[in-house]
Every structure is written in C-alpha cells, then in structure tokens.
Amino acid sequence: MNILELSDQEIVRRNNLQQLRDLGIDPYPAAEYPVDAWSTEIRESFEDLPVDESAEPDENGERPHIAATAANSRNVSIAGRVMGKRVMGKAGFAELQDSKGRIQLYVQRDSICPGENKNLYNVVFKKCLDLGDFIGVKGYVFRTKTGEISVHVTEMTVLCKSLRPLPVVKTDAEGNVFDAFDDPELRYRQRYVDLIVNKGVKDTFLKRAAIVRTLRRILDDAGYTEVETPVLQSIAGGASARPFITHFNALNQDMYMRIATELYLKRLIVGGFEGVYEIGKNFRNEGMDKTHNPEFTCMELYVSYKDLNWGMGFTERMLEEICTAVNGKPEVEIDGKVISFKAPFRRLPILEAIREKTGYDLYPMSEDEIREAARKLGIEVDETMGKGKLIDEIFGETCEGTFIQPTFITDYPVEMSPLTKMHRSKPGLTERFELMVNGKELANAYSELNDPIDQEQRFVDQMKLADKGDDEAMVIDRDFLRALQYGMPPTFGIGIGIDRLVMLLTGKFAIGEVMLFPQMKPEVKAPRDKDEMFLEKGVPAEYIPILRKAGYNLAASLQGVAPAKVQQQIVEIVKKYKLNVGRPSQEDIAQWTA
C-alpha cells in the first residue's frame, strides 16, 4: 500500500510496528497466551490485605493496609485490548479491555524490566504501544491510593498490533458523551468497532444468545428434536413472500433461498417424529426497514397430536420463561411501557378486532365489498389483491399497531391461511393465531392442515392469485402433497421471529440493533479516476498518488487550478512524507490543469 493512502495516525502505527520488529518482538505471535482471570471477576473477588499494625497511624488514627507484593497478593495472567494509556516518567497506567470489561494496569519500568535493558518500558510501552493494541500481562492485584483495583504488571507481551486508530469516545464527570461512535449505518457496517467502543452493545448480543439458549432448552426439555432442513429449495413454499433466486450450476436449475422451514418440517411429522423444530435463517426478497431485514432468524416448531388451544398455552409459558431467564422477571420496559409476558394472554378474533377499530364487519362481505371498505378507510389497495390480502392490509393499517400487551389474534379467514385447518365450528375461518406484542407480529401458529385434498385445492386457489399478479402467492409443492397423502397426524405448528423477540426483550426499536451484521446498502465511496485518466493529461505516474493526497481524485478536478497552488501542495506533501520525488515546474503543471 502506498504511504500516501494512509492517514497520519496509520503511518505512525506502521512505524511503531516496524520498530517492534527491529527490537526482535513479533507483533503477531502464534503461541497461546495463558489467561486465568478476567477484569470483572478480579474486581468482584478482590479483598484488601490486613491492616499493617506496625505502621504509624495517619491524622485520622487509621493505619494503612499491608503493602501489596507478588508474594502476598493474588497473581493473575490476563489479556485484552489497550483502551487508555498514561505515562508518567518511570511508571504509567493503562486501561485493559477484555471480553468481560475493563481493568486498570499499573506499569512500572523496573518491574517489567528488572535487568539493564529497559526497552520494554522505554520503547515498547511508552512509544510503540497504541490504543487498540492487544497485550497480555502477568502481575498481582492491588488497590491504588485512589482506591482503584488494579494489576501491578510484572510481565508484558505484545499479542497484536492494531494498524487503525479506534474512535475515541469521551465521557465527562456528568456522564455527557463526546465524539460518540453513534451513526447507525457506520455502527452496523463496522460492528467490530461498535462492539469495542460502545458500552452495552455486546450485552445485547449476549442477551440474544441467552434467549436462543433458553428457547432451545425449553424445546429440548419438552422432548422435541432439533433438525436442519434445506436452505436451497426448488420451490419457495411455506409462506407468502417473494423469494431470492439463485442458480444451481451442477443441475442447471434455478433454486430459491428458503422463505420458511414449514413444509420440510411437516414432512418429518409425516415420517414419524413426534415434535421437531428448527432455529435458522429465512430469506425474503422484500423491503428493509426498522423491523424487517431480508435475512432473518426464525424458530419453527411442529408437534403431533396437538392443536391451537394447546399451542397458545405452550407459547405463553415458553415466552414467560424466556423473559424471566433474560431479564429476571416476566416484564420488560420499552419506551416507558411495561409489557408483561405473564400468562395468560388476551385472545381476540381478527374480524372482531377489525370491527372494534373500524366499525366494519367483514365476515359476510364479498371480495369487492372488502376492497371498497378498505378504500373508504384510506387504505391503498388494487385489483390484484384477493380477499385474504385485503383483510391483511386492513388489519395491518388499522389494528396491528394498537396491541401493546401480548395478544393472540385468532380465527383468520381461510383466504389468509392456505396451510391452516378449517375452524372446527366457524365456517370460512381457520384455526390460526398471530401473537401481537408492542404493535408487531411476534409469532404465527396453526392447527395444521392435514387433509391432502383440501390442501391441494388451497394451493390451486393461491395459483389463481399468482395469475392475477400477486408475486407473494404460494406455488404448488407436489412433493409436499404426496407426503400428506401418506397421512400426517393432527399437528400444531408455530413460527417465532427470533430477531423481533430479541428486540422486545432488550428494548430495542430497530432490527439492526439485534443483528450482528444486518444487510446494508453498498458502501458509497468517493469517485476516483483510474491512473490512465491522469496519464492522458500528461501527469507523470509518480505524481498521481501525490495529487490524490492533495484531494484531486478526479483528473478533471485539476482543470483551472493555478499551477503555483498545485506546485505548493506537491512540495508540502513531498516534504512531509519524505518522498524521493523532484519538484515539477509550473510550466509542466500548467499542462495538467489546462
């Protein structure tokens, strides 16, 4: 890499890197570094040494504690990233950040350099060690005169040299934050930096891990089997959504990234599993916003011989246990609202919810009548939308956002639920619920349709919607129909969005806050001409990086600039970076700027 492509701080760090190598220090050692303690545990377990009874009392009549030494104190070996450094002559302090938190290091020259060679302190610690570098230290734990629990370093090892400077986030005595690394797009794109410098970000993902771990334990304890099903599928089935399409070269066949795991999991119920679940990625080629990401994590569960009523009780108990495991109680506070996952949850039929909010009773209406009602409600609809899509739009626009406490929305019309068993007592409706929490859908569940003839007809009805232009309609999965014809027992099925569950239980409002690496738009880079564009203007190759350093990334940007100004910029850059390049004449530069 050309030195002119680096910032001043990056150049300093690379010089420090070379200086370490000149001292015979490997800045990227391969050997294991033994770690036997962590910052938080050191502070929590620290105990002061006894009072020194032989010492003179101070003005308050109190004697000091016995002075800490390696012989009478706890010795530790820790490693982490340097996040702060203060050098004061023959001693200094550093702040070390490990995987648990931060702790102060006390680095004394003669402690880490007991012999005549003081380079480890005078050169490595004082000059070559930059913020962001990884080091390993051994030493003993003590309390400073100001009361800070610290590690008195007796050995120090460089473990990794950082070549890019970290953002320095400052906090004053009142807790005000300055120079925060808080731009969402930058944070999501450079999550590794976000995790380093922003407190609390890592805790969110530790909570996410705890949520998934607890969910998996509950399902395992219930006797259900975790399985894996194909991500690449020949048919995009199991949900109404637009899929991602890819190509399988070996078969010369277009394939789809799965939009749901449902149809494969049901095949396993046909095959004799009593209960199966999968926690995995689904992909939907749709929009991105604060609550939607095209790649998302979902848990789907299918249990033989169970129905919707059993499922609501199981879901209530499961979510209450997960919330309690993560937050210590079955409630969570979001934007000043306390949401309780304490069972039981409210149950409300979808058409009744719409009638409550709009005054329209959609149950007896035809498709055209529902379309007209939607228009009167100010909802944008079109002729491609079938009855189910229309009802879904009306509910989404007028009702969904109003359910803050967990609420089971039940009894969906058959047009909205092509994979769901017909309601046992309400014609035209199905045994389905969606769980709404804080105005968003968290779970979708059915008493699963196991009548293969009925299922085939519903697939046909979906294809009619596709013919009308609905690109989210399901296609017929003939192999799934064949599996149903062998017989599937009565089955309850549920899908829970893991990302939304994590948002709820951590109080986050954007899905990007709970996904380590959410999908992002391509990174926008400043336009920059190729070398050939500069060469065509007569610029010699050795001056092209210098001109770019001066800000001329486009050859056309030189046009009309005073040759004396360009010459002065070149001279300053050559001098600053000690480049072995001569000064171009103003006459030569005039040709570049013409």
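Everything here concerns the structure above.
Now for a quick tour of the structure. (Residues numbered from 1 in each chain as written. Predicted model: local features only at pLDDT ≥ 70, side-chain atom pairs only at ≥ 80, totals over all residues. Heavy atoms only, no water.)

**Looking at the overall build of the chain**
Inclusion rule: Only runs of H or I of at least four residues qualify as helices and only runs of E of at least two qualify as strands under DSSP, and these elements are numbered from the N terminus. Radius of gyration: C-alpha atoms only; globule rule: 2.2 Å multiplied by the number of residues to the exponent 0.38. Only heavy atoms matter for contacts: two residues are in contact if any of them lie within 4.5 Å across the pair. Surface accessibility in these figures is a Shrake-Rupley result with a 1.4 Å probe; residues are shielded only by whichever protein chains are displayed. The charge count includes Lys and Arg as positive and Asp and Glu as negative, but it does not include His or the ends of the chains. The atoms used to mark charge sites are NZ of Lys, CZ of Arg, CG of Asp and CD of Glu.
Counting its secondary structure elements, the chain contains 19 helices and 20 strands. The C-alpha radius of gyration of the chain comes to 33 Å, more than 25% above the 25 Å expected for a compact globule of 594 residues. Across its three principal axes, the chain shows a C-alpha extent of roughly 90 × 85 × 50 Å. Across the chain, contacts joining residues at least 24 apart in sequence account for 63% of those joining residues at least 6 apart. When the accessible area of the chain is evaluated, it comes to approximately 30400 Å², of which 50% is carbon and sulfur surface. In the chain, 77 positive and 93 negative side-chain charges are present, and the distance between their average locations comes to 4 Å.

**Details of the packing of helix 7 (residues 201–221) against helix 9 (residues 308–327)**
Any two packed helices are characterised by the angle at which their axes cross and by the distance between the axes. So the rule is basically this: For helices, the fitted axis covers only the stretch in contact; all axes are lines through C-alpha atoms, and the angles between them, taken along N-to-C directions, range from 0 to 180 degrees. Put simply, angles under 35 degrees are roughly parallel, angles over 145 are roughly antiparallel, angles from 65 to 115 are roughly perpendicular, and the rest are oblique. Left-handed describes a crossing in which the near helix is turned anticlockwise from the far one by less than a right angle; the clockwise case is right-handed.
Running from N to C, helix 7 and helix 9 point in directions that differ by 140 degrees, and their axes come no closer than 9 Å. Looking at the two axes, helix 7 sits oblique to helix 9. As for the relative orientation of helix 7 and helix 9, their crossing is right-handed in sense. Note on element contacts: helix 9 touches helix 7 through F314, M318, E321, I322, A325, V326 and N327, opposite K207, A210, I211, T214, L215, R217, I218 and L219.

**Details of a nonpolar patch on the surface**
Inclusion rule: The patches reported here contain residues having more than 30% relative accessible area and no salt bridge. Joining distances are 9 Å for like charges and 5 Å for nonpolar side chains (Val, Leu, Ile, Met, Phe, Trp, Tyr). Definition used for salt bridges: Asp or Glu carboxyl oxygen within 4 Å of a side-chain nitrogen of Lys or Arg. Partly exposed describes any residue whose relative accessible area lies between the buried limit of under 20% and the exposed limit of over 50%, with all areas from a 1.4 Å probe on protein chains only and scaled to the type maximum.
Together, Y192, L195, L516 and F517 make up an exposed nonpolar region whose accessible area comes to about 410 Å². Note that L195 resides in helix 6 (residues 191–197). Note on L195: relative accessible area 31%, which makes it partly exposed.

**As for the pairing of strand 15 (residues 337–340)**
Along a regular strand, successive side chains alternate from one face of the sheet to the other. Going by this rule: Two strands form a pair only when DSSP identifies at least two bridges running between them.
Sheet analysis places strand 14 (residues 331–334) next to strand 15, joined by four bridges and oriented antiparallel. Residue pairing across strands places E333 opposite V338, the latter belonging to strand 15. Between strand 14 and the antiparallel strand that follows it, strand 15, lie two residues; D335 among them carries a positive phi value of about 50 degrees.

**Observations regarding the packing of helix 11 (residues 367–376) against helix 12 (residues 387–398)**
For clarity, the threshold we go by: Polar here means any residue outside two lists: the nonpolar Ala, Val, Leu, Ile, Met, Phe, Trp, Tyr, Cys and Pro, and the charged Asp, Glu, Lys and Arg; Gly therefore counts as polar.
Remark: helix 11 packs on helix 12, axes separated minimally by 9 Å, with the N-to-C direction vectors making an angle of 25 degrees. Judged by the angle between their axes, helix 11 and helix 12 are roughly parallel. At the point where helix 11 passes helix 12, the crossing takes the left-handed sense. Here E367, I370, R371 and A374 of helix 11 come into contact with helix 12, specifically with K387, L390, I391 and I394. In the contact of helix 11 with helix 12, the residues fall into five nonpolar, no polar and three charged.

**Some remarks on the sheet that holds strand 18 (residues 432–437)**
The strand order 8-12-13-20-19-18-17-16 describes an open sheet built from eight strands, whose pairing is mixed. With partners counted over all chains shown, the strands left at the sheet margins are strand 8 (225–226) and strand 16 (346–349), one partner each. Packing against the sheet, helix 7 makes contact with strand 8, strand 12 (275–283) and strand 13 (295–304), and its axis sits at approximately 150 degrees to strand 12.

**Some words on the packing of aromatic side chains**
Counted only if it meets this: Centres within 6.5 Å are what make two rings of Phe, Tyr or Trp a pair, Trp counting through its six-membered ring; a difference in plane orientation under 30 degrees is then read as stacked, over 60 as edge-to-face, and the rest as tilted.
Enumeration over the complete set of coordinates arrives at 13 aromatic pairs. Both rings, one in F408 and one in F433, keep their centres 4.6 Å apart while their planes meet at 65 degrees; by these two values the pair is edge-to-face. Taken together, the residues F408 in strand 17 (residues 407–410) and F433 in strand 18 connect sequence positions 25 residues apart. Given the relative accessible area of 0%, F408 is considered buried. Both rings, one in Y543 and one in W592, keep their centres 5.7 Å apart while their planes meet at 45 degrees; by these two values the pair is tilted. Of this pair, Y543 sits in the loop between helix 16 (531–536) and helix 17 (544–549) while W592 is found in helix 19 (residues 586–593), placing the two residues 49 residues apart along the sequence. Judged by relative accessible area, which is 7%, Y543 ranks as buried. Among the aromatic residues, those joined into a ring-pair cluster are Y224, W310, F314, F341, F345, F408, F433 and F492.

**Structural notes on the sheet that holds strand 9 (residues 232–233)**
Reading across the sheet, the three strands line up as 9-11-10 and stay open at both edges, with antiparallel pairing between neighbours. With one partner strand each, in any of the chains shown, strand 9 and strand 10 (245–248) form the two edges of the open sheet. Of the strand pairs in this sheet, strand 9 and strand 11 (residues 253–257) are connected by two bridges, and their pairing is antiparallel. Its bridge partner being in strand 11, L232 is matched across the sheet by M257.

**Thoughts on the environment of E262**
Turning to its location among the elements, E262 is positioned in helix 8 (residues 262–270). Here the alpha-carbon distance between E262 and L419, two residues 157 residues apart in the chain, equals 9.6 Å. Excluding residues within four positions of it along the chain, E262 makes contact with G238, E300, Y302, L419, Y446 and E448.

**Remarks on the side chain of K161**
Quick note on the threshold: Pairing of N or O atoms within 3.5 Å defines a polar contact, subject to two protein rules: one partner must be a possible hydrogen donor and the other a possible acceptor, and residues neighboring in sequence count only if both atoms are side-chain atoms.
Structurally, K161 is set in the loop between strand 5 (149–160) and strand 6 (170–171). A distance of 2.7 Å separates polar atoms of two side chains, one belonging to K161 and the other to D133. Apart from residues no more than four positions distant in its own chain, K161 is found in contact with R13, N16, L17, L20, P27, Y28, C128, L129, D130 and D133.

**Let's talk about the pattern of salt bridges**
In the structure shown here, the tally under the stated rule is 39 salt bridges. Note that K161 is salt-bridged to D130, the shortest N-O span being 2.5 Å. Of this pair, K161 sits in the loop between strand 5 and strand 6 while D130 sits in the loop between helix 4 (119–128) and strand 4 (134–143), placing them 31 residues apart in sequence. Its salt-bridge partner being R217, residue E321 comes within 2.9 Å of it at the nearest N-O pair. Of the two residues, E321 sits in helix 9 while R217 sits in helix 7, which places them 104 residues apart along the sequence. The class for E321 is partly exposed, based on a relative accessible area of 34%. For R217, a relative accessible area of 38% corresponds to the partly exposed category. Residues participating in the shared-partner salt-bridge network are E367, D368, R371, R375 and E383.

**Digging into the nonpolar core**
Defined as follows: What is meant by a nonpolar core is a set of buried Ala, Val, Leu, Ile, Met, Phe, Trp, Tyr and Cys residues, joined one to another through side-chain atoms within 4.5 Å.
Among the nonpolar cores identified, the biggest contains 44 residues, and M299 and F341 are the most heavily contacted of them. In terms of residue count, the dominant contributor to this core is helix 9 (eight residues). Residues within four places of M299 in sequence aside, it is in contact with L215, L219, Y277, E278, I279, M318, I494, G495, I496 and I498.

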